[in-house]
Amino acid sequence: MRSARVQVYETPEITVTFDPTTCRHTGICVRGLPAVFDIKRKRWVAPEAAPAADVAAQVERCPSGALQYTRPGQP
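Notes on the structure follow.

Conventions adopted
Residues numbered from 1 in each chain as written. Predicted model: local features only at pLDDT ≥ 70, side-chain atom pairs only at ≥ 80, totals over all residues. Heavy atoms only, no water. Phe/Tyr/Trp six-rings, centres within 6.5 Å; stacked < 30°, edge-to-face > 60°. Helix = DSSP H or I, 4+ residues; strand = E, 2+ residues; numbered from the N terminus. Buried < 20%, exposed > 50% of the residue type's maximum accessible area, 1.4 Å probe, protein only.

**Quick word on the packing of aromatic side chains**
- Per the stated rule, a full pass over the model turns up 2 aromatic pairs.
- For the pair F18 and W44, a centre-to-centre distance of 4.9 Å together with 80° between the ring planes defines the contact as edge-to-face. Taken as a pair, F18 in strand β2 (residues 15-18) and W44 in the loop between α1 (28-32) and α2 (52-59) lie far apart in primary sequence, 26 residues in all.
- Given a relative accessible area of 12%, W44 falls into the buried group.
- Consider the rings of F37 and W44, whose centres lie 5.9 Å apart with planes at 50°: the pair is tilted. Summarising the burial analysis for this pair, F37 and W44 share the class buried.
- By way of ring pairs, the aromatic residues F18, F37 and W44 are connected into one cluster.

That is the geometry; function is a separate question.
Here is the structure:
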């Protein structure tokens, strides 16, 4: 079986990664922050569409851990 590639979405304030093999498709991200997470777009994660703190808070709600983030200067 071919594994899907981890997707990376970066801004100067936050980097969001998405692992499609881990995602359970609950839709929590899309419903919680639709300006950032929009499956109708080809680049479906747009972290620049909201403050980095809001993006981070929504990523932390991902039940599967498919969405992760890092912020510059934070471990």
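So much for the structure itself; the text now carries on.
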